[in-house]
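A structural walkthrough
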Amino acid sequence: MVKTGRLSGKNDSMNQKLRIISIVVAIAFSCSAGWAQRVSKQTQMNEFVTALMKKMTLDEKLGQLNLITPAARTGPFATKNATAKMMDGSAGNVFGVLGTPSSVHSKLSLADSSRLKIPLLSGLDIIHGYKTIFPIPLGLSCTWDSTLIERTARIAAVEATAAGYNWTFSPMVDITRDPRWGRVMEGSGEDPFLGSIIARAMVKGYQGKDLKDPTSLMACIKHFGMYGAAEAGRDYNTTDMSRLSMYQNYLPPYKAAVDAGAGSVMCSFNEVDGIPATANKWLLTDLLRNQWGFNGFVVTDYNAVQELIAHGVAADYKQAAQLSLSAGVDMDMVSESMIASLKDLLKAGKVSMAQIDAACSRVLEAKYKLGLLSGSARQFDAARAAQVTLTDENKSIAKLAALKSFVLLENKNNTLPLKKNTHIALIGPFANNQREMFSSWVIAGDVKSVVTIYDGIRAKASETIYAEGSQVNDDTITIKKRGGSFDSLKQQRMIKEAVDAAQKSDVIVTVLGESSTMSGEARSRTDISIPHCQRELLKALKSTGKPVILLLLNGRPLTIQEDLLYTDAVVEIWRPGTEAGNAIADVLFGDYNPSGKLTMTFPRSVGQIPVYYNHKNTGRPYLGKQEYVSSYMDQYNSPLYSFGYGLSYTTFKYSQISLSDTLLRGTKAKLKATITVTNSGSYAGEETVQLYLNDPVASVTRPVEELKHFQKVFLKPGESKQVTFDITANDLKFFNSNLKWDWEAGRFVVFIGGGSDMVKTAGFVWEK
Ligand code: NOJ
């Protein structure tokens, strides 16, 4: 049948309308079905937990608020009588149980002796892998690859759950601007935007699609909050900052991890606005629960309830427990103040049964969500543990993550990559060491499976001589405070041996920096250079006249300006993990072209700290040779290497930015910013194209630039690609003086490039 155009047009438009209506109805139905399903799951959980709590005595409830540890691996002391406490239910949760999967399982089964047999939350600091170890988090963040990071967290979860753990104290999402702080190695650096992306990825990786899945580990967001801002970089020190800075710079990654559904939050050791986080109701209840809608449980950090006494807000452990519970803490890590005093506090009317019940139910809900309360879901399967641990696939991801985490800092005269027939002198105290490829946060990692740098290089280059060359540290105060020793005669012998080896080779590859115990918790340093004895070795090596390649092994940005005088190429390798040697050999010989970009600024000197890319302009910015401006007499303002910096064996050229518009209006407008990137060198390589924005006039001062988008492009030599970013009004938003997240009309500057200080610029106006 032939229809007239007019009629068929009418029918078409009716059909179209019907289709749209039915799609809308279907979406509404499926949304409400999803919503109904969530509500019914929540109701089931509530009913289950309420019924369980009806059976529980007060002591049993208090046991659920208690987290103990049988060994003092990550803190000052262990719990006494841990076994008995797990058996009688006075400790409902444990962390740091180590052993083979079957011995861990049998220790966790101790809870079966308790009256209600409620399974334990079994935690561990799985920070960058369980048995297969990935690069330290700061290194991982330099990949700018959230998919890969999520994958590393998933592997850690699969391996760790098979061994009996159901809870990890990760991700650490503290923003850090001070490399003196030893814990910068555990986080993703200085930027809240990138930090938020990584925080989400890690939570997703650990927790999987459903916490009930036996391969899911519950994540714990830490350390809430602002722990990374410890004054002078001294661990556990006071933090003090404006609310504006908290909201703008420090809180976003915690919030992102909450939004990603993390099941728990660990409060930090430091104070926030004069009240320690552990006792801070504004932080733990008003902000976290009421504003952000967090519905998991809050655990303290190690002994932090007791530490309220030293902070000076509690007279004794009883008052400390009262303050913590009232602030919103649900679980006491190791201090046992809550279990020791909540009964008395209840009798005295200082805490209520409702508060205890709320905390207990949150802990039980976590167990319910993990499937621990439904019997069979997480039964021990020895075969699975063997099958999923340290597999070839896990190691290949560890290698990829290491490769992508390396940052090429210097490459004078294209010293790198090396030819495979080069005679190499491999020198340094970490070059032939398995444990040193890990960090102080590797608790269960398999040291024996680590490929050392020496082995990795030898597998590719036939002629490699190795010499240790130096002891690690000759700093007298460190030795006095932390133990260790330094022998100057031995040092002279070691340097001589290294120089002899160097003289027989074409090129020197030296691995220097920090030992694994020099960064991490309680490892703050005031001098963040390569220890003096190692620098002496470096100088001696340079004096041979051979090219010197420095592989920097460390957990924080170091002050290496002077070392650059004695090197031809520098690669930041962080602490690379299980596949260290294989990954390093690939980079040295050009089988992989480094693409990592720094996520934390490298200062020129300690006196510049804190130095970070998203700083403010000040009223007297330094613009060259001037008096009475914000600058140092004896140092430049600029850092040695800025956020986003990282070289490649090839070079990338950027065109000018082309904007789809220069005048935009309203919240719905969209601006396209396009740039062409060309591989102008002779190696194929990956570039991370970064987009920053600046809002030059606003109601509160704004940073000189802020990362808003990035994309990765892979380009063959000579190849060009257009990279387009969509900028929306959302990208212009910031916290104003009422702490409202909003944007203001006006002029903006966009920067695009391969680093925060290597950019092209363009401007646009956005009106309301
Ligand atoms: C103290 C650390 O601050 C925290 O990050 C860690 O998870 C706990 N100890 C448990 O080991």
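Residues numbered from 1 in each chain as written. Predicted model: local features only at pLDDT ≥ 70, side-chain atom pairs only at ≥ 80, totals over all residues. Heavy atoms only, no water.

Considerations on the overall build of the protein chain
Looking only at helices and strands, the protein chain has 21 helices and 27 strands in total. Taking 27 Å as the expected radius of gyration for a compact globule of 768 residues, we find that the protein chain reaches 28 Å, a close match to that expectation. Counting only C-alpha atoms and orienting by the principal axes, one finds that the protein chain spans roughly 90 × 80 × 65 Å. Contacts spanning at least 24 positions in sequence make up 78% of the contacts within the protein chain whose residues lie at least 6 apart. When the accessible surface of the protein chain is split by element, carbon and sulfur atoms take 53% of a total near 31100 Å². (Helix = DSSP H or I, 4+ residues; strand = E, 2+ residues; numbered from the N terminus. Rg over C-alpha atoms; globule rule 2.2 N^0.38 Å. Contact = heavy atoms within 4.5 Å. Areas by Shrake-Rupley, 256 points an atom, 1.4 Å probe, with all protein chains shown as cover.)

Quick look at the sheet that holds strand S26 (residues 746-753)
Strand-to-strand pairing in sheets goes through backbone hydrogen bonds, with the strands running parallel or antiparallel. Spatially, 5 strands are ordered S19-S27-S26-S21-S22 in an open sheet, and the strand pairing comes out mixed. Of all strands in the sheet, those with a lone pairing partner are strand S19 (663-665) and strand S22 (706-715), marking the two edges. Looking at each pair of strands side by side, their axes are set apart by 25° on average, direction ignored. As paired strands, S19 and strand S27 (residues 759-767) are joined by 3 bridges and run parallel to one another. Pairing of leucine 663 across the sheet is with valine 765, part of S27. (Pairing = 2+ DSSP bridges. Axes fitted to C-alpha atoms, helices over the stretch in contact; angles between N-to-C directions.)

What about the site of the ligand?
The ligand sits among 14 residues. The nearest are Thr74, Asp125, Arg183, His223 and Asp301. Within the side chain of histidine 223, an N or O atom sits 2.6 Å from an oxygen atom of the ligand. Within the contact set of the ligand, an oxygen atom lies 2.5 Å away from a side-chain nitrogen or oxygen of aspartate 301. A per-class count over the shell around the ligand returns 7 nonpolar, 2 polar and 5 charged. (Near = heavy atom within 4 Å. Polar contact = N/O pair within 3.5 Å; in protein donor to acceptor, adjacent residues only side chain to side chain. Nonpolar A, V, L, I, M, F, W, Y, C, P; charged D, E, K, R; others polar.)

So, the packing of aromatic side chains
As enumerated under the stated definition, the model contains 26 aromatic pairs in all. With a centroid separation of 5.6 Å and 20° between ring planes, the pair formed by phenylalanine 748 and phenylalanine 764 is classed as stacked. Of this pair, phenylalanine 748 sits in strand S26 while phenylalanine 764 sits in strand S27, placing them 16 residues apart in sequence. Exposure remark for phenylalanine 748: the relative accessible area of 2% places this residue in the buried category. Lysine 131 extends its terminal NZ or CZ atom over the ring of tyrosine 130, reaching a point 5.4 Å from the ring centre. (Phe/Tyr/Trp six-rings, centres within 6.5 Å; stacked < 30°, edge-to-face > 60°. Buried < 20%, exposed > 50% of the residue type's maximum accessible area, 1.4 Å probe, protein only. Lys NZ or Arg CZ within 6 Å of the ring centre and 35° of its normal.)

Observations regarding the layout of surface pockets
Computed from the structure, the largest pocket encloses a volume of approximately 980 Å³. Looking at the largest pocket, it is lined by 33 residues, and the ones nearest its centre are Asn473, Asp475, Thr478, Ser524 and Arg525. For the lining of the largest pocket, the secondary structure elements donating two or more residues are helix H18 (476-482) and helix H20 (532-542). Sort the elements by how many residues they give to the lining of the largest pocket and H18 lands first, with 5 residues. As a volume, the second largest pocket reaches approximately 830 Å³. (1 Å grid on protein atoms, 1.4 Å probe; cavity = no way out; pocket = protein on both sides within 12 Å on 5 of 7 lines; lining within 4 Å. Points joined across faces, edges and corners; volume = space filled by probe spheres on them.)

So, helix H12 (residues 317-327)
Within the sequence span of H12, burial applies to Ala320, Ala321, Ser324, Leu325 and Ala327. In an axial view of H12, the angular spread of the buried residues amounts to 165°, which keeps them on one side of the axis. Buried residues in H12 make contact with helix H10 (281-291), helix H11 (307-311), helix H13 (337-347) and helix H14 (353-369). The first or second residue beyond H12 is glycine 328, which carries a positive phi of 125°. (Arc of directions from axis to C-beta.)

Some words on the sheet that holds strand S11 (residues 407-411)
The strand order across the open sheet built from 6 strands is S11-S16-S15-S14-S12-S13, with neighbouring strands paired in mixed fashion. In this open sheet, the two strands that pair with only one neighbour each are S11 and strand S13 (464-467). Averaged over all adjacent pairs, the angle separating strand axes in this sheet is 15°, with direction ignored. Two strands pair when backbone bridges link them, and strand S12 (residues 424-427) and S13 are joined in this way by 4 bridges, in the parallel orientation.

Some points on the nonpolar core
The biggest cluster of nonpolar side chains holds 94 residues, and the ones touching the most others in it are Tyr165, Phe224, Leu251, Leu283 and Leu342. For this core, the leading source of residues is helix H6 (residues 146-162), giving 7 residues. Counting only domains with at least three residues in this core, you end up with domain 1 (394-599) and domain 2 (652-767). The residues contacting phenylalanine 224, other than those within four sequence positions of it, are Leu251, Tyr254, Val265, Met266, Cys267, Ser268, Ala277, Leu283, Leu284, Leu287, Leu288 and Trp292. Residues Met185, Met266, Leu564 and Leu598 belong to the second largest nonpolar core, which totals 66 residues. (Core = buried A, V, L, I, M, F, W, Y, C linked by side-chain atoms within 4.5 Å. Domains from an automatic or database assignment.)

A word on the pattern of salt bridges
Under the criterion given, the structure shown has 37 salt bridges. When the shortest N-O distance is used, the salt bridge between glutamate 706 and arginine 702 registers 2.7 Å. By the burial criterion, glutamate 706 is buried, and arginine 702 matches it. Beyond isolated ion pairs, a larger network of salt bridges with shared partners links Lys399, Lys420, Lys460, Asp586 and Asp591. (Salt bridge = Lys/Arg side-chain N within 4 Å of Asp/Glu carboxyl O.)

A word on helix H4 (residues 101-108)
Three or more residues of H4 are buried, namely Val104, His105 and Leu108. Here the buried residues of H4 occupy an arc of 100° about the axis, which is enough to place them on one side. Elements that come into contact with the buried residues of H4 comprise strand S2 (93-95), strand S3 (121-124) and H6.

Describing empty space enclosed by the protein
For the structure on display, the rule yields 7 cavities of 30 Å³ or more. Quantified by volume, the largest cavity comes out at close to 110 Å³. Lining the largest cavity are 15 residues, and of these Glu60, Gln64, Gly89, Ser114 and Ile118 sit closest to its centre. Taken together, the elements giving at least two residues each to the lining of the largest cavity come down to helix H2 (58-64) and helix H3 (82-88). Its residues assigned to classes, the lining of the largest cavity comprises 7 nonpolar, 4 polar and 4 charged.

Considering the packing of H6 against helix H7 (residues 192-207)
Between H6 and H7, the least distance of the axes is 7 Å, while the angle of their chain directions is 30°. Both H6 and H7 take part in a crossing whose hand is right-handed. Between H6 and H7, the residues in contact are Ser146, Ile149, Glu150, Ala153, Arg154, Ala156 and Ala157 and Ile197, Ile198, Ala201, Met202, Lys204, Gly205, Tyr206 and Gln207, respectively. In terms of residue class, the contact of H6 with H7 is made up of 9 nonpolar, 3 polar and 3 charged. (Left-handed = near helix turned anticlockwise from the far one by under 90°.)

Topic: the domain arrangement of the protein chain
By the assigned domains, the protein chain splits into domain 1 (394-599) and domain 2 (652-767). Here domain 1 packs against domain 2, burying approximately 540 Å² in sum over the two surfaces, 40% of which is carbon and sulfur. It is Asn593, Ser595 and Lys597 in domain 1 that bury the most area against domain 2; as a group they hold 71% of the surface buried on that side. Counting the contacts that link domain 1 with domain 2 gives 2 salt bridges. (Buried area = accessible area lost by both parts, 1.4 Å probe.)

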